[in-house]
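One letter stands for each residue in the lines below.
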Amino acid sequence: MDEDPWADWPERWAGTDRDVRTVGSAMSREVKDGFRYEELPWQRFPHFYGPGEEIPGLLAALGSADAEAADQALERLWTSLHHQGGTTAVGALAVPFLLRRAAGGHPGLRAPTLRLVAEIGRCQHMGDGSREGLLQVAEEPMTVEGSTMCPVDWTIQAARRAVTEDLHLLLPLLADPDPAVRATTAYVLAVAVGDTSHVSSALRAGLAAEDDAVVRVSLVLAIAQLAREQRDERAPGWARELWSDRGRPPEIRIGAGLAWLCLVTDPAPDELRAFLTDPGIRAYHTLLQPVPWLAWVDFRNAGLRRCLDTMLLLDAPGPAADDPWGGRSA
């Protein structure tokens, strides 16, 4: 009988040239900074729409002086590296180069390029606005990416390591003049691994100085996501202090309310429920839709409402829980 090629899968792939984490870890700073694509085994990691070796050409085009050509390349990279909301293994190899294109390329493409990096570095989460899912990063261990049959979480781990190794490119972007870039940078920084205390400190410093509502919420959620990953027991208290402070801007309180609900399993206190279901919060549905975490939950300017419905209904008993907005339309 022939040997089963899937025997002991995926363990026997770990640490081999089929493990994108291993390939990514071997990538030197010189390869990244010099855009030396030829030194990487792109062909080993195809995607759903083609062979992996086409990705370097698209990354090179993303750096073109022709803004239209760069934009078209980015569109194709999105299609290739983020298939139907899920990440593909070759995307992890592209992360260092995407970060360098974002830092030094066309300002107008900076935010969507960073957004692609962030999506490569977290699980498929479209539509998941639950307390458990909104800030979730890791994928289920046995979820596989169909074009390579690699565990998706290996790709996510490789991408997160790549982001962490290039924090020096990302942290300055928290001061970018474009609010969309600042918000998306927070989204990327939230997938960093290891000792992220200096990242959290930078995010908190940014929050103290920030005046844009979308960026404020993004910074709060990034801080909370890192704290959740690190199991920081101080984080719920920090979030509660923010949402309970009536002197804070409403968007900070909203972001902190979402963060608190994601950080604990306790029922929502009456004070928090009353604030988040107040009719005045409806004005923030459209305003906060660009927050990266909320945009994927619902594409119809209802990301915030869907999150609040899902999170608060978990706690609310009885028929009155059918609509925390009291039957009012959005």
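Refer to the structure printed above.
Calculation criteria
- Residues numbered from 1 in each chain as written.
- Predicted model: local features only at pLDDT ≥ 70, side-chain atom pairs only at ≥ 80, totals over all residues.
- Heavy atoms only, no water.
- Phe/Tyr/Trp six-rings, centres within 6.5 Å; stacked < 30°, edge-to-face > 60°.
- Buried < 20%, exposed > 50% of the residue type's maximum accessible area, 1.4 Å probe, protein only.
- Lys NZ or Arg CZ within 6 Å of the ring centre and 35° of its normal.
- Helix = DSSP H or I, 4+ residues; strand = E, 2+ residues; numbered from the N terminus.
- Expected span 1.5 Å × (residues − 1).
- Salt bridge = Lys/Arg side-chain N within 4 Å of Asp/Glu carboxyl O.

Attention now moves to the packing of aromatic side chains. According to the stated counting rule, one finds 7 aromatic pairs in the structure shown. Taking 6.4 Å as the distance between ring centres and 65° as the angle between the ring planes, the aromatic pair formed by Tyr 37 and Trp 42 counts as edge-to-face. Just as Tyr 37 is buried, Trp 42 falls in that class too. Joined through ring pairs, the aromatic side chains of Phe 35, Tyr 37, Trp 42 and Phe 97 make up one cluster. Lying across the ring of Phe 35, Arg 101 places its NZ or CZ 4.1 Å from the centre. Just above the ring of Phe 275 sits the side chain of Arg 253; from NZ or CZ to the centre is 4.0 Å.

This next bit is on helix α7 (residues 152-165). Taking 1.5 Å per residue, 14 residues should reach 20 Å; α7 reaches 20 Å between its end C-alpha atoms and fits that length. For α7, the buried fraction is high: 10 of the 14 residues fall into the buried class. Along α7, the residues classified as buried are Val 152, Asp 153, Trp 154, Thr 155, Ile 156, Ala 158, Ala 159, Arg 160, Ala 162 and Val 163.

Two side chains with opposite charge may pair up if their charged atoms get near one another. Applying the stated rule across the entire model yields 18 salt bridges. Note that Arg 21 is salt-bridged to Asp 19, the shortest N-O span being 2.9 Å. The exposure class assigned to Arg 21 is buried, which follows from its relative accessible area of 15%. Given the relative accessible area of 2%, Asp 19 is considered buried. Between Glu 251 and Arg 216 there is a salt bridge whose closest N-O contact spans 2.6 Å. Here Glu 251, found in helix α13 (residues 250-263), pairs with Arg 216, found in helix α11 (residues 213-230); they are 35 residues apart in sequence, far enough to count as distant. Residue classification places Arg 216 among the buried positions, given a relative accessible area of 15%. Overlapping salt bridges, with partners in common, bring together Arg 29, Asp 33, Arg 100 and Asp 166 in one network.

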